[in-house]
Amino acid sequence: MTLVRRAVPEDAGEVLRLRQVMIDSMADADPSTAWHTESLPVLKGRLAEADGDFAAFVVDHPERAGALTALVCGTVEYRIGKAGNPLGVTGFVFSVATDPEARRRGYARAGMTALLEWFRERGVRRVQLTASAEARALYDALGFLPKPDPLLELKL
């Protein structure tokens, strides 16, 4: 049985390491880790907020004390409600990562299951994510469906 737990501030360094594992797996990724220094105190603060709109679920590495082997993060965003989503909350999944040598053991699925329960507890009825081709089977099995969405982005 995989033991998934909510990440705590002491996990922040390992959470950033696993986020970098995910970033490094993407095409055209920037391998720089200089941003970790600035991000670390912010992440520690967010991990300390037990009732906030952000959560990270992790799996401890089975052989290395103090190390993590898997990560799943999510956030709840509010927009004014509407039909089908009267509370106006939507869950967003990001930074799903497993150490390469530990993949295909159910860690990401276990983390996703914990995150989806966390969303349910907050009244979230819709969850969105962007999936890599490699991870698509997991999300399909969990019931995610493709949704063409005309996303626009502006970098400031």
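In what follows, the accompanying structure is described. Model, not experiment: these values are computed from the prediction.

## Quick look at the environment of Leu 43
Considering the arrangement of structural elements, one finds Leu 43 in helix H2 (residues 35-48). Look at Leu 43 and you get buried, because its relative accessible area is 11%. Setting aside anything within four residues of it in sequence, one finds Leu 43 in contact with Ala 12, Val 15, Leu 16 and Phe 54.

## Considering the pairing of strand S2 (residues 54-60)
Across the seven residues of S2, six count as buried, placing the element largely inside the fold. Sheet topology note: the strand S1 (residues 4-6)/S2 ladder contains three bridges and is antiparallel. The residue bridging Arg 5 from the neighbouring strand is Val 58, located in S2. Pairing between S2 and strand S3 (residues 68-78): seven bridges, direction antiparallel. Along S3, the bridge assignment pairs Ala 56 with Cys 73.

## Focus on the environment of Gly 106
By the element assignment, Gly 106 lies in the loop between strand S4 (89-98) and helix H3 (107-121). Judged by relative accessible area, Gly 106 falls into the partly exposed class, the value being 35%. When the C-alpha positions of Gly 106 and Ala 48 are compared, they lie 27 Å apart, and in sequence the two are 58 residues distant.

Cut-offs applied
Residues numbered from 1 in each chain as written. Predicted model: local features only at pLDDT ≥ 70, side-chain atom pairs only at ≥ 80, totals over all residues. Heavy atoms only, no water. Helix = DSSP H or I, 4+ residues; strand = E, 2+ residues; numbered from the N terminus. Buried < 20%, exposed > 50% of the residue type's maximum accessible area, 1.4 Å probe, protein only. Contact = heavy atoms within 4.5 Å. Pairing = 2+ DSSP bridges.

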